[in-house]
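One-letter residues, chain by chain:
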Amino acid sequence: MKLLASMLTAAALAAPVFTAFAAGEAPKAAKPDLVKGEALYTAVCAACHGADGNSAIAANPKLSAQHPEYLVKQLHEFKSGKRNNAVMKGFASALSDDDMRNIAYWVASKPIKPGFAKDKELVAMGERIYRGGIADRQIAACAGCHSPNGAGIPAQYPRLSGQHADYTVAQLNMFRDGSRANSTQMTQVAAKLNDKEIRAVSDYIAGLR
């Protein structure tokens, strides 16, 4: 009788899960553990990206205030090799899915330190490209996907405002030459930009807030 009772209890507990699968619903992901996220970030990420996600090294991106879903996606793509970076692949390969979510949600909760545009001669060009694109060459405005203030659209397009200009220049160059191949949309946009335009829009983005 005890065995039968145990079996019935287990079946009752499992019933909602089976019902969810039958209805085509995925089980809900566990809530991110921000304490674990902070510990992992401090151990694995802080040396390059700063203690609070505000990297002091212009070649390394600021991660603070970034959309966590975007960060998780990038970590998965570093791990799989879809986004090619030997250093990041090494770090990402050691992380579980839960680790990635915990880190992403923790660093996303940190405020970003504003940046500044530095090239006065190029900032006007950068603003025109960011806000209006270049119509005669079918280059779309960056603001259309990344929003007028650079905040992006959660889970779809990353936050750009305040990002280091050097990092943005490097990524646009990689999209243009094909060495970063994890966004067809960005590859198509960058392919139409020349070096001066890339520098201009990257500098403008650094000062967005």
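This text follows the structure it describes.
These numbers come from a predicted model, not from an experiment.

Caption draft 1: Molecular detail of the nonpolar core. Core analysis: the biggest nonpolar cluster contains 20 residues, and Ile129, Tyr130, Leu172, Ile198, Val201, Ile205 and Leu208 have the highest contact counts within it. At the level of elements, helix H7 (120–132), helix H9 (165–177) and helix H11 (195–206) are the ones that each hand at least two residues to this core. If one sorts the elements of this core by residue count, H11 sits on top with 5 residues. Setting aside anything within four residues of it in sequence, one finds isoleucine 129 in contact with Ile134, Ala140, Ala141, Cys142, Glu197 and Val201. Counting 15 residues, the second largest nonpolar core, distinct from the first, contains Leu71, Val72, Ala92 and Leu95.

Caption draft 2: Layout of the packing of aromatic side chains. Within the structure shown, the criterion is met by 2 aromatic pairs. On the numbers, 5.7 Å between centres and 50° between planes, the contact of tyrosine 130 with tyrosine 204 is tilted. Here tyrosine 204 lies in helix H11 and tyrosine 130 lies in helix H7, a separation of 74 residues in the sequence. This pair shows no difference in class: tyrosine 130 is buried, exactly as tyrosine 204 is.

Caption draft 3: Spotlight on the environment of glutamate 127. On the secondary structure map, glutamate 127 appears in helix H7. Since its relative accessible area comes to 36%, glutamate 127 is described here as partly exposed. Put simply, glutamate 127 and cysteine 142 are 15 residues apart on the chain and 9.7 Å apart in space, counted from C-alpha to C-alpha. The contacts of glutamate 127, once residues within four sequence positions are left out, are Gly132 and Tyr204.

Caption draft 4: Focus on helix H4 (residues 68–80). Taking 1.5 Å as the rise per residue, H4 with 13 residues should run 18 Å; its terminal C-alpha atoms sit 18 Å apart, in good agreement. Considered for burial, the residues of H4 that qualify are Pro68, Tyr70, Leu71, Val72, Gln74, Leu75, Glu77 and Phe78. On its buried face, H4 sits against helix H5 (86–93) and helix H6 (97–108). Downstream of H4 by one or two residues, glycine 81 has phi in the positive range, about 95°.

What counts, and at which threshold
- Residues numbered from 1 in each chain as written.
- Predicted model: local features only at pLDDT ≥ 70, side-chain atom pairs only at ≥ 80, totals over all residues.
- Heavy atoms only, no water.
- Core = buried A, V, L, I, M, F, W, Y, C linked by side-chain atoms within 4.5 Å.
- Buried < 20%, exposed > 50% of the residue type's maximum accessible area, 1.4 Å probe, protein only.
- Helix = DSSP H or I, 4+ residues; strand = E, 2+ residues; numbered from the N terminus.
- Contact = heavy atoms within 4.5 Å.
- Phe/Tyr/Trp six-rings, centres within 6.5 Å; stacked < 30°, edge-to-face > 60°.
- Expected span 1.5 Å × (residues − 1).

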